[in-house]
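As a plain string of letters, each chain reads:
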Amino acid sequence: MMGRDERPAAGPGPVVGAMEAAQGLQRELAGLGIACDVHAGHCLALVSVWSGLVVWTDGRAFRWRSGRDVIGRVVRDGLGWDACGRVEDLAGTAQRVAARYAELRRLAAFTEAAPSGWAPL
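Bear in mind that the values here come from a model prediction, so they are computed numbers and not experimental data.

## What about the nonpolar core?
1) Next: L29, V47, V49 and V55 are the most contacted members of the largest nonpolar core, which has 22 residues in total.
2) Next: Of all the elements in the fold, those that place two or more residues in this core are α1 (18-31), β2 (44-50), β3 (53-57), β4 (61-64) and α2 (90-113).

Written as structure tokens, this is what we have:
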């Protein structure tokens, strides 16, 4: 039982360190067959997945660009990122990152197969 002057801890539960969160996402992506690198510094960690796909974390949330602004759907938070995932839901976040990874790979294969001097609109 708490004393009169004691208060429960504020905040949304324990915060995982940025590097630990990034390594957790790396493990989840490896389970999906996606190799990636993890780097950390300045209270942030990043998971380098593919050209144009870097996932940043501060240990509380994951953030990356989804590319949706290319087709006119701009959904961004105050930091200018338009996709995010919860650290508590590594599997769900990994699935969303894997979907973006597959999309970028398809786009890369399409542009590599395009005739020289031609680019899609």
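Read on, since the account is not over.
## Looking at the sheet that holds β2
1) Next: Taken in spatial order, the five strands make up an open sheet running β1-β2-β3-β4-β5, and their pairing is antiparallel. Looking along the sheet, the strands with just one partner apiece sit at the ends: β1 (37-41) and β5 (83-86). Averaged over all neighbouring strand pairs, the angle between strand axes comes to 25°, with direction disregarded.
2) Next: The sheet contact formed by β2 and β3 spans five bridges and is antiparallel. Looking at β3, one finds that L46 is bridged to W56.
3) Next: Across the sheet, α1 is in contact with β1, β2, β3 and β4; its angle to β2 comes to roughly 20°.

## Here's the deal with unusual backbone geometry
Of all residues except glycine, most have a negative phi; of all peptide bonds, most are trans.
1) Next: The backbone of H42 shows a phi angle near 55°, a positive value even though the residue is not glycine.
2) Next: Take H42: it is sitting in the loop between β1 and β2.
3) Next: Residue C43 is not a glycine yet carries a positive backbone phi of 65°.
4) Next: Relative to the helices and strands, C43 is located in the loop between β1 and β2.

## Here we look at the pattern of salt bridges
1) Next: For the structure on display, the rule yields three salt bridges.
2) Next: Between E88 and R86 there is a salt bridge whose closest N-O contact spans 3.9 Å.
3) Next: Between E103 and R100 there is a salt bridge whose closest N-O contact spans 2.9 Å. You can see E103 and its partner R100 sitting in helix α2, three residues apart, about one turn around the helix.
4) Next: Look at R100 and you get buried, because its relative accessible area is 13%.

## Focus on the confidence of the model for the chain
1) Next: Scored by pLDDT, the chain comes out at a mean of 77, with 64% of its residues at no less than 70.
2) Next: Per-element mean pLDDT across the chain ranges from 85 in α2 up to 97 in α1.
3) Next: Scored below 50 in pLDDT, residues 1-14 shows three contacts in the model against residues more than four places distant or in partner chains.

## Brief notes about the packing of aromatic side chains
1) Next: Tallying each qualifying case throughout the model produces one aromatic pair.
2) Next: When the centroid spacing of 5.6 Å and the interplanar angle of 90° are considered together, the rings of W50 and Y101 count as edge-to-face. Within this pair, whereas W50 is found in strand β2, its partner Y101 is found in helix α2, the two being separated by 51 residues in sequence.
3) Next: We classify W50 as partly exposed; its relative accessible area is 30%.
4) Next: Residue classification places Y101 among the buried residues on the basis of a relative accessible area of 14%.

## Some points on α1
Since the α-helix turns once every 3.6 residues, residues separated by three or four places project in the same direction.
1) Next: For α1, built from 14 residues, the straight-helix expectation of 20 Å at 1.5 Å per residue is met to within 8% by its first-to-last C-alpha distance of 20 Å.
2) Next: After α1 finishes, the residue G33 shows a positive phi value of roughly 85°.

Thresholds, definitions, all that
Residues numbered from 1 in each chain as written. Predicted model: local features only at pLDDT ≥ 70, side-chain atom pairs only at ≥ 80, totals over all residues. Heavy atoms only, no water. Core = buried A, V, L, I, M, F, W, Y, C linked by side-chain atoms within 4.5 Å. Buried < 20%, exposed > 50% of the residue type's maximum accessible area, 1.4 Å probe, protein only. Helix = DSSP H or I, 4+ residues; strand = E, 2+ residues; numbered from the N terminus. Pairing = 2+ DSSP bridges. Axes fitted to C-alpha atoms, helices over the stretch in contact; angles between N-to-C directions. Contact = heavy atoms within 4.5 Å. Salt bridge = Lys/Arg side-chain N within 4 Å of Asp/Glu carboxyl O. pLDDT = per-residue confidence, 0-100. Phe/Tyr/Trp six-rings, centres within 6.5 Å; stacked < 30°, edge-to-face > 60°. Expected span 1.5 Å × (residues − 1).

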